[in-house]
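Residue-level structural notes
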Amino acid sequence: MSDFAGKSVLILGGSRGIGAAIVRRFAADGAKVVFTYNGSQGAAEALAAETGTTAVPTDSGERDAVIARVRESGPLDILVVNAGFALFGDALDLDADDVDRLIRVNVNAPYHASVEAARQMPEGGRIIVIGSVNGDRMPVPGMASYALSKSALQGMARGLARDFGPRGITINIVQPGPIDTDANPEDGPMRELMHGFMAIKRHGRPEEVAGMVAWLAGPEAGFVTGAMHTIDGAFGA
Ligand code: NDP
């Protein structure tokens, strides 16, 4: 376990699923944690009470609200951008406004949050964004907008690593495969299809993703930046 005592951590999208596991992990390791939520106020407040963290409402689809939240939370030692969602359906049928909102939440918010965090971040700062193995491999139809958004994060990390590297700040993408959350429950209808692509035929657990995030945020990972870190049971292999 890493020791994050005294570290200031902001997690965008921490009320449920993978984000909640990341909140729990950093809180258990002694960090001072603030996390955002959008729709799940009750879950966010319960998690904050359980973990001794602070929950604040911020819609990742609202650029200026995201930038303001990051600025007001700074200086941050660690920023984690987890908020994200998928749209399912034929690209010819999806509503253009829904696709644009997905891009605002999954791409624009991580970019603007990362840049804003870096303004105040001290040497040794860490930025970690939750992408997806679908940034590398999209084996089913109906999810092109999601694949687009997660592959965009790869270019962002490569570029911002160059911008922030001279200040000792790292930026990395964690790319999960199927993880058992509300968004992708292991007992859902896609289970057999997804497990068919995998070498380890189960969904991952949010805590497993949180463990990778914690390592990237810790002192052993100071030489790791501009990189994608896949945790997917070989879904993308
Ligand atoms: P969930 O739907 O279970 O949880 C999503 C979390 O993100 C919630 O805390 C939600 O908060 C928050 N969130 C979503 N939209 C917004 C928004 N506009 N503003 C603020 N917060 C928001 O998803 P997962 O935990 O499964 O996914 C988390 C991340 O991991 C996403 O980026 C997803 O793309 C990625 N991922 C997930 C995989 C999986 O199989 N589960 C696989 C690969 C990647 P609230 O409920 O309060 O709105």
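Treat the numbers as computed from the prediction; the structure is a model and nothing was measured. (Residues numbered from 1 in each chain as written. Predicted model: local features only at pLDDT ≥ 70, side-chain atom pairs only at ≥ 80, totals over all residues. Heavy atoms only, no water.)

1. Side note on the pattern of salt bridges
Scanning the entire structure with this criterion turns up 10 salt bridges. The salt bridge partner of Arg202 is Glu208, with a shortest N-O separation of 2.9 Å. Assessed through its relative accessible area of 32%, Arg202 is described here as partly exposed. On the accessibility criterion, Glu208 (26% relative accessible area) is partly exposed. Among the ionic pairs, Arg205 bridges to Glu208, the shortest N-O distance being 3.8 Å. Through salt bridges that share partners, Arg71, Glu116 and Arg119 make up one connected network. (Salt bridge = Lys/Arg side-chain N within 4 Å of Asp/Glu carboxyl O. Buried < 20%, exposed > 50% of the residue type's maximum accessible area, 1.4 Å probe, protein only.)

2. Some points on the pairing of strand 2 (residues 32–37)
Taking burial as the measure, the six residues of strand 2 include five buried ones, the bulk of the element. Pairing analysis gives four bridges linking strand 1 (residues 8–12) to strand 2, with the strands arranged parallel. Pairing of Ser8 across the sheet is with Lys32, part of strand 2. Of the crossover connections in this fold, the one passing from strand 1 over helix 1 (residues 17–28) to the parallel strand 2 is right-handed. Note: strand 2 against strand 3 (residues 54–57), four bridges, orientation parallel. (Helix = DSSP H or I, 4+ residues; strand = E, 2+ residues; numbered from the N terminus. Pairing = 2+ DSSP bridges. Right-handed = clockwise from strand over helix to strand, strands pointing away.)

3. A word on the site of the ligand
In the neighbourhood of the ligand, 31 residues make up the surrounding shell, with Ser15, Ser40, Asn82, Tyr146 and Thr181 lying closest. In the model, an oxygen atom of the ligand is placed 2.8 Å from a nitrogen or oxygen of the Gly39 main chain. Note that a nitrogen atom of the ligand is positioned 3.3 Å from one of the side-chain N or O atoms of Arg101. Notes on the ligand: free accessible area 890 Å², of which the protein chains cover 92%. Taken together, the elements giving at least two residues each to the shell around the ligand come down to helix 1, helix 4 (96–120) and helix 5 (144–164). For the shell around the ligand, the residue count by class is 10 nonpolar, 16 polar and five charged. (Near = heavy atom within 4 Å. Polar contact = N/O pair within 3.5 Å; in protein donor to acceptor, adjacent residues only side chain to side chain. Areas by Shrake-Rupley, 256 points an atom, 1.4 Å probe, with all protein chains shown as cover. Nonpolar A, V, L, I, M, F, W, Y, C, P; charged D, E, K, R; others polar.)

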